[in-house]
Amino acid sequence: MQPKIKKVQTPRIQKAKKPLFIAPKKIQKITHTPSYSRERNLRNVDINRVRNTWLAWNNGLRREMGLHQYTLRNELNNTALEFSQFSKNRGYIMHGRGGSDWCKGSGNYGCYNFKAIDAWFKNRGINPKIINRSKHTENLGWGYYKCNKSDCTDALIKSIRKTYNFFYSEKPYNGSHYRSMTNKYFKWIGVDVVVDPAKNRYYLTIHYANDF
């Protein structure tokens, strides 16, 4: 009888532990990215390391402030990639989604139509919970980047650090980018960047959200 009891108990223990290991990996583990990404126009860049470096910068700040850590989420990485592509295609950054969205024009960066952005996220299956009037937000940045080395990851990280520093520089007046980095309620983050090689310019999108 004892061998039969052990045989029954062993799978129960494995089934109880299995979700504890697998569930976080489905969210945090980013699928392999080849050295050349046609979507991003990035050659010899490890986009996973770029994402994790940005996350480390942001979470270092949050740690200093006693805030919980942000976690990368694939759905938000995907939306960040999509919007970075959109920014690259129109040649400038702004939060407007085009079409009927009244946020238009390259000089209208500060325009933020939450309803249009919320609808854009919902159309992609992302509808976070509302916590203390907080749901999701978006930070955008751009800068110059050019690299023809065998490994351009560090070069891209060095370039986007300038955008991170710009966001952080809003700390004295608690600007909107800085508030996104230090939000008490957001839990998830998505990061992606697309390059326009003709202009040697990168377009960066950061998406933040509550649980969904």
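Numbers given to residues run from 1 along each chain, matching the order in which its sequence is written. Given that this is a predicted model, residues contribute local features only at a pLDDT of at least 70 and side-chain atom pairs are listed and counted only at 80 or more, while totals for whole chains, interfaces and linings are drawn from all residues. The side-chain numbers reported here are obtained from all heavy atoms of the structure, hydrogens and water having been left aside.

### Let's talk about the packing of aromatic side chains
Ring geometry is summarised as follows: Phe, Tyr and Trp rings, the Trp one being its six-membered ring, pair when their centres sit within 6.5 Å, and such pairs are stacked at plane angles under 30 degrees, edge-to-face over 60 and tilted between the two. Overall, the coordinates contain 12 aromatic pairs when judged by the stated rule. Ring centres 5.8 Å apart and planes at 85° place the aromatic pair F83 and W120 in the edge-to-face group. Separated by 37 residues along the polypeptide, F83 in helix α3 (residues 74-90) and W120 in helix α4 (residues 114-122) bring together distant segments of the chain. Note on accessibility: F83 and W120 belong to one class, buried. Two conditions define a charge sitting above a ring: the NZ of Lys or the CZ of Arg must be within 6 Å of the ring centre, and it must be within 35 degrees of the ring normal. Across from the ring centre of F83, 3.9 Å away, lies the NZ or CZ of R97, which sits over that ring. The lysine or arginine in question, R161, covers the ring of W57, its NZ or CZ lying 4.7 Å from the ring centre. Runs of E in the DSSP output that reach at least two residues are strands. Runs of H or I that reach at least four are helices, and both are numbered from the N terminus. Exposure categories follow from relative accessible area, calculated using a 1.4 Å probe and restricted to protein chains: below 20% of the type maximum is buried, above 50% is exposed, and the middle band is partly exposed.

### Considering the state of the cysteines
Here, a disulfide means two cysteine sulfur atoms that sit within 2.5 Å of each other. By the definition in use, this model includes two disulfides. Covalently, C147 is tied to C152 through a disulfide, its sulfur atoms 2.1 Å apart. Its torsion about the S-S bond being -85°, the disulfide of C147 and C152 is classed as left-handed. Residue classification places C152 among the buried residues on the basis of a relative accessible area of 1%. The disulfide pattern of the protein is 1-2, 3-4 when the bonded cysteines are numbered in sequence order.

### Observations concerning the nonpolar core
Remark: nonpolar core denotes a set of buried residues (Ala, Val, Leu, Ile, Met, Phe, Trp, Tyr, Cys) joined through side-chain atoms within 4.5 Å. One finds L42, W54, Y145, L156, I160, I189 and L204 to be the most contacted residues of the largest nonpolar core, which totals 29 residues. Listed by contribution, the elements that provide at least two residues to this core are α2 (47-64), α5 (153-168), α6 (176-181), β5 (188-196) and β6 (201-209). Per-element accounting of this core gives the leading share, six residues, to α2. Here, residues are in contact when the closest pair of their heavy atoms is within 4.5 Å. Setting aside its immediate chain neighbours within four residues, W54 contacts I160, T163, Y164, F167, I189, V191, L204 and I206. Core analysis: the next-biggest nonpolar cluster, separate from the first, contains 11 residues, F83, W120, W188 and A209 among them.

### With respect to the environment of T153
On the secondary structure map, T153 appears in helix α5. What makes T153 buried here is its relative accessible area of 2%. Along the chain, T153 and L42 lie 111 residues apart, while their C-alpha atoms are 9.4 Å from each other. Apart from the residues lying within four places of it in its own chain, the contact partners of T153 are N44, V45, D46, R49 and V50. Separated by 2.9 Å, the side chains of T153 and D151 make a polar contact. Identification of polar contacts relies on pairs of N or O atoms within 3.5 Å, with a donor-acceptor requirement for protein atoms, meaning one able to donate a hydrogen and the other able to accept it, and with residues adjacent in sequence counted only if both atoms are side-chain atoms.

### What to know about the pattern of salt bridges
Just to be clear on terms, a salt bridge is a Lys or Arg side-chain nitrogen sitting within 4 Å of an Asp or Glu carboxyl oxygen. In the structure shown here, the tally under the stated rule is nine salt bridges. With a shortest N-O distance of 3.1 Å, R73 and E75 are connected by a salt bridge. On the accessibility criterion, R73 (11% relative accessible area) is buried. Beyond isolated ion pairs, a larger network of salt bridges with shared partners links R40, R51 and D192.

### Brief notes about the sheet that holds strand β4 (residues 136-144)
Backbone hydrogen bonds hold the strands of a sheet together, and the pairing may be parallel or antiparallel. DSSP-based pairing: two strands are paired if at least 2 bridges between them are found. Strands sit in the order β3-β5-β6-β4 across an open sheet of four strands; the sheet is mixed. This sheet does not close on itself; its edge strands, each paired only once, are β3 (71-72) and β4. Inspection of the sheet shows β5 paired to β6 by nine bridges, in the antiparallel sense. Counted as the bridge partner of V195 is Y202 from β6. Only C-alpha atoms enter the line fits that serve as axes; for helices the fit covers just the stretch in contact. Angles between N-to-C directions range over 0 to 180 degrees. Sheet strands in contact with α4 are β4 and β6, and its direction is about 95° off that of β4.

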